[in-house]
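A structural walkthrough
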6 protein chains.
Amino acid sequence: MTEKTDNERFERGHALLNKIHGTTGKNVLEGISEISPDLSKFITEYAFGDIYSREVLGLRERQIATIASLITLGDAASELKVHMKAGLNVGLTKEEIIEIILQMSLYAGFPRAIHAIKTAKEVFDELKE
Amino acid sequence: MTEKTDNERFERGHALLNKIHGTTGKNVLEGISEISPDLSKFITEYAFGDIYSREVLGLRERQIATIASLITLGDAASELKVHMKAGLNVGLTKEEIIEIILQMSLYAGFPRAIHAIKTAKEVFDELKE
Amino acid sequence: MTEKTDNERFERGHALLNKIHGTTGKNVLEGISEISPDLSKFITEYAFGDIYSREVLGLRERQIATIASLITLGDAASELKVHMKAGLNVGLTKEEIIEIILQMSLYAGFPRAIHAIKTAKEVFDELKE
Amino acid sequence: MTEKTDNERFERGHALLNKIHGTTGKNVLEGISEISPDLSKFITEYAFGDIYSREVLGLRERQIATIASLITLGDAASELKVHMKAGLNVGLTKEEIIEIILQMSLYAGFPRAIHAIKTAKEVFDELKE
Amino acid sequence: MTEKTDNERFERGHALLNKIHGTTGKNVLEGISEISPDLSKFITEYAFGDIYSREVLGLRERQIATIASLITLGDAASELKVHMKAGLNVGLTKEEIIEIILQMSLYAGFPRAIHAIKTAKEVFDELKE
Amino acid sequence: MTEKTDNERFERGHALLNKIHGTTGKNVLEGISEISPDLSKFITEYAFGDIYSREVLGLRERQIATIASLITLGDAASELKVHMKAGLNVGLTKEEIIEIILQMSLYAGFPRAIHAIKTAKEVFDELKE
């Protein structure tokens, strides 16, 4: 990696965040910034500027990993919603998102799979409106 | 889905399990069967015969989801090892497995990412031998 | 276990699910089916047709295990509610459900015990109405 | 430790609980007592009479540990709220509470840090009113 | 509950702990006491003197709940071992312990069920010797 | 925050990491670097260069939060060991570390408190040698 300043990491992360999350991501970060601009900055720089901007995995594959992780955490319904929308933005189909949930019944158990199905329902319903 | 008997689910699951996990999977299931043949049977039938054999996601994408979930669970080093090997079997590169770990630092935290790196080291070292 | 078709597993699971959960279970599964009929089918077949229908433990003892597990998971309030009702259906008393919660303070900590007490309050209040 | 009766543990715990949590703690325990007076009694006696009343760590330091633990648990938003208020009661500043959250992004991941920031926002907003 | 002194709680807890856990429990507590006699004392008084000595649930039922909880926690192999032995002491059969594990595959997922089967194998092997 | 380059973040993080963790931290990062130099770099830059180097909380208070979080995670024995040593380096006493563990029995339950006591014993024993 070539050396880059924080500003470059922020700009790179900000652009990628908009591409993946659209206005949803903007709203989440603005909500965080109201109370901790630093957390918002660190998410933009580290999560998006450093990690998501790496080229080893594509954005579609990264969302598969993230959705699987958030289902497994179990207590992350609002982030799961944000990342299901992002998954649809970067090329996952509704059927593929449901399939990830089915597979998580094996590793995270049925209660967390059921929660994720409810979250998916909310996401898909919002998109219909 | 067309109706199928337990035997068909078992056979289908058994064949897929061998394809994904090779002798590693066979050894794990034999260890389980010593004390609970039923658990071994349910894993073959439900996890592999029902879920992994569905066509919506490819095996490479399924391993991305599984590896992400097992890193997030945190206490599943031996399964993580089995599934990192399976990932390599179905087309993931070492670099991609490490990339999933880096991404999980965001959602599951650094301690679980560090554990996963140690597990990856064990897997890659075994393959060199 | 004798060989049985998926239909037989589904029928057996469906009947047992109705016995344990009554209309509550029916409503939960219908909600799931709206978005993933397959998840609903797998829960009926595997959870109820395969596991709950085994005879080694009684239904009352199975609900003790399930309630303890759901309190420990911590993020499963809606499933906990469903299974507290099921516990009452299959012979647990309110006092016994509260006692499981008290015992879980030892293994899952007080925050999850306090959450479970709130869930129990909701369940008992609904039954009074 | 000198021998003490349950009543002495309860009285000591009750006084300390009021000092740390004020009316918020009273309300939480009364809610619990409606359904399980014993859980309320055990929290007062064991958590506050036995543990919090020990002198090795100060109350401010104890709240740092508790807030870090509750953020890490992930599914304990209502307890986190209660203990953020308690933290402010025993000398933590808003900036210090936010700083604990930033640090937890390292160990518990960003989703749980983001949840904690939302909880902090609720706490700080309530105090403004 | 009538008022009782700490000594009475300790004595009651100590006697019950010996009944449930035999020499295994004694060894665990002595190991803890080497570094924290207070933790050992609190476990004896609160876990056994206060909670396990209550009469609402029998010891066999309490072990069902504890084993289910420890499987669900996932990272508690040594405690799970201690409590599987305790389960056998208070009337659970090996088949019933395996059955609890099978049921936990539904709520805690297969990786934790597989871990628990390995722990059960260790417990049953030690008893053969 | 003034803008700073990655190199500055790395240098600042590296210096602080050495101060807090001494040779232990160096060894951990070298182990990680063998398989993922990037993870090692991100930990140095983000965890230490960005977060630990902030001034709102002192290093002693930060270790209280970290130890509490790692006990609560439950599956992080090796990190817990590293951070207990770090705690002693930055001013925590053995008694204070044990006290954090006792307090975590309330929020994370006894199994995780018992694990942490075993880890503390290992740390204290190594220091005697």
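From a predicted model like this one, the values you see are computed outputs, not experimental measurements. (Residues numbered from 1 in each chain as written. Chains lettered and ligands numbered in written order. Predicted model: local features only at pLDDT ≥ 70, side-chain atom pairs only at ≥ 80, totals over all residues.)

**Quick look at the interface of chain B and chain F**
- Each side of the interface is counted separately: chain B has 13 residues, and chain F has 14 residues.
- With eight residues, the single largest contributor to the side of chain B that touches chain F is helix α6 (residues 110-128) of chain B. (Contact = placed C-beta atoms within 7 Å. Helix = DSSP H or I, 4+ residues; strand = E, 2+ residues; numbered from the N terminus.)

**Brief notes about the domain arrangement of chain A**
All names here are of chain A.
- Structurally, chain A comprises domain 1 (1-54) and domain 2 (59-129).
- For domain 1 and domain 2, the distance between their C-alpha centroids amounts to 22 Å.
- Between domain 1 and domain 2, the contact holds six residues from the first and seven residues from the second.
- Split by residue class, the side of domain 1 that touches domain 2 holds three nonpolar, three polar and no charged. (Domains from an automatic or database assignment. Nonpolar A, V, L, I, M, F, W, Y, C, P; charged D, E, K, R; others polar.)

**A few points about the relation of the copies chain A and chain B**
- The two copies are related by a screw motion: chain A maps onto chain B through a turn of 180° and a shift of 0.0 Å along the axis, at an RMSD of 0.0 Å. In the structure described here, the two chain copies are related by an operation that fits a two-fold rotation axis.
- Of all interface residues in chain A, 100% are interface residues in chain B too; the two copies therefore contact each other through one and the same surface. (Least-squares fit on C-alpha atoms with pLDDT ≥ 70 in both.)

**Remarks on the relation of the copies chain B and chain F**
- Mapping chain B onto chain F calls for a screw motion: a turn of 120° about the axis and a shift of 0.0 Å along it, with 0.0 Å RMSD after fitting. On this basis, the relationship between the two copies can be described by a three-fold rotation axis. Across chain B, the smallest distance between a C-alpha and the rotation axis is recorded for B:Asp75, namely 3.2 Å.
- Little of the interface of chain B is mirrored in chain F, where only 8% of its interface residues again form contacts.

**Side note on the environment of C:Glu79**
- By the element assignment, C:Glu79 lies in helix α4 (residues 77-89).
- The sequence separation of C:Glu79 and C:Thr66 amounts to 13 residues, and the corresponding C-alpha distance is 9.7 Å.

**As for helix α1 (residues 6-35) of chain E**
- Compared with the 44 Å implied by 1.5 Å per residue over 30 residues, the 21 Å span of α1(E) between its first and last C-alpha is markedly short.
- The sharpest bend along α1(E) measures roughly 120° and falls at E:His21.
- Residues of α1(E) that are buried include every one of E:Arg9, E:Gly13, E:Leu17, E:Ile20, E:His21, E:Gly25, E:Leu29, E:Ile32 and E:Ile35, and no others.
- Against α2 (37-52), α3 (59-73) and α4 (77-89) of chain E together with α5 (94-108) and α6 (110-128) of chain F lie the buried residues of α1(E). (Expected span 1.5 Å × (residues − 1). Bend = angle between axes of the 7 residues up to and from the residue. Buried ≥ 20, exposed ≤ 12 C-beta atoms within 10 Å, placed from the backbone.)

**Brief notes about the interface of chain A and chain B**
- Each side of the interface is counted separately: chain A has 25 residues, and chain B has 25 residues.
- Listed by contribution, the elements that provide at least two residues to the side of chain A that touches chain B are α2 (37-52), α3 (59-73) and α5 (94-107) of chain A.
- Of the residues assigned to the side of chain A that touches chain B, the class counts are 15 nonpolar, four polar and six charged.

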